[in-house]
Amino acid sequence: LYLRRVREAVVSTQSTGKSDEEEDDEEKEEDEKAKEVLQTAEIYHQGTVNRIRICPHESESRTFVASWSEKGKVHIWDIGPQLSSLETGGSKDVQKVKPVYTFGGHVEEGYGMDWSPTRRGYLLTGDCTRHIHLWTPRESDWLVSQQTFSSHQESVEDIQWSPNEEHVFASCSVDKSIRIWDDRAPHHKACMITVPDAHTSDVNVINWNRTEPFLVSGGDDGVIKVWDLRKLDSHAALFKHHNGPITSVEWHPTDSSVFGASGEDNQVSLWDLGVESSEPLIINDTEVPPQLLFIHQGQEEIKELHWHPYIPGLLLTTSLHDFNVFKTISV
């Protein structure tokens, strides 16, 4: 596990008594020398990390992170000490830290994972054998339900809690469906709504709009769909731009009409549902949806995309070899 912090080098702005031209030349030289400083703290993790999610709520100054391991276990880590070390320059050594809690009750590895944004410490994890477990926080650990939400027929690929209904969550699966659940109901009756054949193949990722009743999904078919939760018998919008499976989708944290997506075609695309024109644009003899704002390229095997919660329009993407942090003028 890597914790990273980027800082800009500090450039002195004190007056030197030199002419404006001399100062301008020196400022250009300083700008060339001023590079971002990347500070890192590392935690040893057994097995490949399939997915990692940070808890949105702090608990007694502790910051929890959940990780899905290829070995079929889910670990909870307290990364507070590592975050503190970044304030003093980070650490060059990989730290062998024990997780504060480990659950090995999943039959196989998985990818579905999400912390509740409305209930402190509640977590959902879904595996490749279609089972979803609910984690309930206790004083010093978690109680993981042995009864699972198991209406999916194949692997659970992604899970998303509702941003405002504390007992409601959504999931998607290799069985091509999207399902809406209520964890107050008995487990065998908890699936309240099923959207069968939401995509023509695996549904890889979903994301819940924070302010509007919309869900966005991406599948192996390379298609992005927007769903109105008030009317799930058909999608509200469909976009076919990517030439490979969709690997990540996420709504903008403050602009409810904008979302980003990434695909195995090594592209990141930004979209705006607020653009009402239905006529495609023709660019280099290729039809481009008018809602497509921006395309970012240059990475291979892009895995995830996330908006910065506080800096408007800033995005971070992770890939096979690196991660990019960029901001467009479009958002």
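Calculation criteria
Residues numbered from 1 in each chain as written. Predicted model: local features only at pLDDT ≥ 70, side-chain atom pairs only at ≥ 80, totals over all residues. Heavy atoms only, no water. Buried < 20%, exposed > 50% of the residue type's maximum accessible area, 1.4 Å probe, protein only. Helix = DSSP H or I, 4+ residues; strand = E, 2+ residues; numbered from the N terminus. Phe/Tyr/Trp six-rings, centres within 6.5 Å; stacked < 30°, edge-to-face > 60°. Pairing = 2+ DSSP bridges. Axes fitted to C-alpha atoms, helices over the stretch in contact; angles between N-to-C directions. Salt bridge = Lys/Arg side-chain N within 4 Å of Asp/Glu carboxyl O. Contact = heavy atoms within 4.5 Å. Polar contact = N/O pair within 3.5 Å; in protein donor to acceptor, adjacent residues only side chain to side chain.

Draft legend 1. Just helix α2 (residues 80-87), in detail. All buried positions along α2 are accounted for by Gly80, Gln82, Ser85 and Leu86. Gly89, located one to two residues past α2, shows a positive phi value of around 110°.

Draft legend 2. Representation of the packing of aromatic side chains within the structure. Summed over the entire model, instances satisfying the criterion amount to 15 aromatic pairs. Ring geometry for Phe169 and Trp181: centres 5.7 Å apart, planes at 5°, overall stacked. Here Trp181 lies in strand β14 (residues 178-182) and Phe169 lies in strand β13 (residues 168-173), a separation of 12 residues in the sequence. This pair shows no difference in class: Phe169 is buried, exactly as Trp181 is.

Draft legend 3. Highlighting the sheet that holds strand β15 (residues 191-195). Strand order in the open sheet formed by four strands is β12-β13-β14-β15, with antiparallel pairing between adjacent strands. Edge strands, defined here as strands with exactly one partner in the open sheet, are β12 (156-161) and β15. Taking each pair of neighbouring strands and ignoring which way they run, the sheet shows an average axis angle of 20°.

Draft legend 4. Geometry of the pattern of salt bridges. Counted according to the given criterion, the structure contains eight salt bridges. Between Arg119 and Asp183 there is a salt bridge, with the nearest N and O atoms lying 2.4 Å from each other. A residue pair is termed long-range when its members are at least 10 positions apart, and Arg119 in the loop between β8 (110-115) and β9 (123-127) and Asp183 in the loop between β14 and β15 qualify at 64 residues. Take Arg119 and Asp183: they sit in the same class, and that class is buried. Of the charged contacts in the structure, one is a salt bridge between Arg230 and Asp228, with a shortest N-O distance of 3.0 Å. By relative accessible area, Arg230 is classed as exposed at 64%.

Draft legend 5. Summary view of the sheet that holds strand β19 (residues 237-240). Strand order in the open sheet formed by four strands is β16-β17-β18-β19, with antiparallel pairing between adjacent strands. At either end of the open sheet lies a strand with only one pairing partner, and these are β16 (203-208) and β19. When strand polarity is set aside, the average angle formed by the axes of neighbouring strands in this sheet is 15°. With five bridges connecting them, strand β17 (residues 214-219) and strand β18 (residues 223-228) associate as antiparallel partners. Bridging from a neighbouring strand, Gly218 pairs with Ile224 of β18.

Draft legend 6. Here's a closer look at the side chain of Ser262. Relative to the elements of secondary structure, Ser262 occurs in strand β21 (residues 258-263). In this structure, Ser262 is in contact with His242, Pro245, Ile246, Thr247, Ser248, Gln267, Val268 and Ile302, ignoring residues within four places of it in sequence.

Draft legend 7. Focus on the pairing of β16. For β16, the tally of buried residues reaches six of six residues, placing the bulk of the element in the interior. For β16 and β17, the ladder comprises five bridges, and the chain directions are antiparallel. Across the sheet, Trp208 pairs through a bridge with Leu215, a residue of β17. In sequence, β16 turns back onto β17 through a hairpin of five residues.

Draft legend 8. The arrangement of the pairing of strand β28 (residues 323-327) in detail. Only one face of β28 is covered, namely the one carrying Asn324 and Phe326; the face carrying Phe323, Val325 and Lys327 has none of its residues buried. Judged from the five bridges that link them, strand β27 (residues 314-318) and β28 form a sheet pairing that is antiparallel. What sits directly across from Thr317, in β28, is Asn324.

Draft legend 9. How the structure looks around the side chain of Asp183. You can call Asp183 buried: its relative accessible area is 12%. For Asp183, the side chain forms a polar contact with the side chain of Arg119, separated by 2.4 Å. Among the polar contacts made by the side chain of Asp183, one reaches the side chain of His167 at a distance of 2.8 Å. When near neighbours in sequence (up to four residues on either side) are disregarded, Asp183 contacts Arg119, Leu134, Phe149, Trp161, His167 and Phe169.

The values reported here are purely geometric and, on their own, carry no functional implication.
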